[in-house]
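The primary structure of each chain is shown beneath.
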Amino acid sequence: MGVRECPAWLWLLLSLLWLPLGLPVLGAPLHLICDSGVLERYVLEGKEAENVTMGCAESCSLNENITVPDTKVNFYAWKKMEFGQQAVDVWQGLTLLSEAVLRGQALLANSSQPREPLQLHVDRAVSGLRSLTTLLRALGAQKEATSPPDAAPSAVPLQTITADTFSKLFQVYSNFIRGKLKLYAGEACRTGDR
C-alpha cells in the first residue's frame, strides 16, 4: 500500500503512536498536528505530575534552583507581537524548559531520594517535551527562531523564574503548554503556517 493510499484512520493511529516518542510525523495531515487534544494530553500529564509531587516536601526538592521560562502571558502584549516574535518566544521557552526538565532528571538520578513514582513523571515530561519540539518544528517555530538576526523580528528577552521543587517544575511545564505554546500553535494552525 502506498503512502498516498493510506486511510485517514491509519494516519491518526500512527501519529498518536509516533508523537509521544518524539518522532516526526512526516506527511501527517495538518489537522492531526493542530488537534487541541494533543496539547491537552501533555497539560494533563503535567498537572498529574504536579499533583503527585505537591504532597511530598523534601523528597521532591531539586536541591538547587533551576531556571525555567516564566509562564505568565500578557494577552494584550502577545496579540501585538508579530508572529515571528511569538515563535521565538515559544521556541526559547520550550528549549529552556527542556533543559530544566533534563537537569531535574539528572539530579533525580544522582540523588538518594525515593525515585519510583517521581521518575515515571520526569520521564514522561522528557518524552512529552521531545514530542512538543517535533510539533513546533512542524509548525515552523524553529525556522522562525533560528533565522538570521537581521531577518528576524527583534525579540524581547525571555522572561525567566526559578524552580526549586519538582512540583514547581511540573507546574511550569503544564502552564507553559497551556499558555504560550497553545496560543502559538493555535495561531499557526489558523494561518496555515508550518
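Under an unreviewed UniProt entry, the protein chain has the name Erythropoietin and belongs to Aotus nancymaae. Recorded in UniProt under Subcellular location (unreviewed entry), the annotation for the protein chain is "Secreted". Under the heading Sequence similarities (unreviewed entry), UniProt records this for the protein chain: "Belongs to the EPO/TPO family."

Within this structure, the stated rule accounts for seven salt bridges. For the salt bridge of E45 with R41, the shortest nitrogen-to-oxygen distance reads 3.4 Å. Of this pair, E45 and R41 both sit in helix α3 (residues 36-54), four residues apart, which is roughly one turn of the helix. For E45, a relative accessible area of 18% translates into the label buried. A salt bridge links K180 to D89, with the shortest nitrogen-to-oxygen separation between them at 3.0 Å.

Moving on, we get to unusual backbone geometry. The phi angle of most residues is negative, glycine excepted, and most peptide bonds adopt the trans form. A positive phi angle, close to 65°, is found at N63, a residue other than glycine. The residue N63 is located in strand β1 (residues 61-69) in this model. With a relative accessible area of 61%, N63 lands in the exposed category.

L136, F166, L181 and Y184 are the most contacted members of the largest nonpolar core, which has 42 residues in total. For this core, the secondary-structure elements that each account for two or more residues are α3, β1, α5 (83-109), α6 (116-138) and α8 (166-191). The element best represented in this core is α8, accounting for 11 residues. The contact partners of Y184, leaving out residues within four places of it in the chain, are W78, F83, Q86, A87, V90, L136, L139, G140 and A141.

About the thresholds
- Residues numbered from 1 in each chain as written.
- Predicted model: local features only at pLDDT ≥ 70, side-chain atom pairs only at ≥ 80, totals over all residues.
- Heavy atoms only, no water.
- UniProt positions renumbered as here; feature names shortened; annotations may be inferred.
- Salt bridge = Lys/Arg side-chain N within 4 Å of Asp/Glu carboxyl O.
- Helix = DSSP H or I, 4+ residues; strand = E, 2+ residues; numbered from the N terminus.
- Buried < 20%, exposed > 50% of the residue type's maximum accessible area, 1.4 Å probe, protein only.
- Core = buried A, V, L, I, M, F, W, Y, C linked by side-chain atoms within 4.5 Å.
- Contact = heavy atoms within 4.5 Å.

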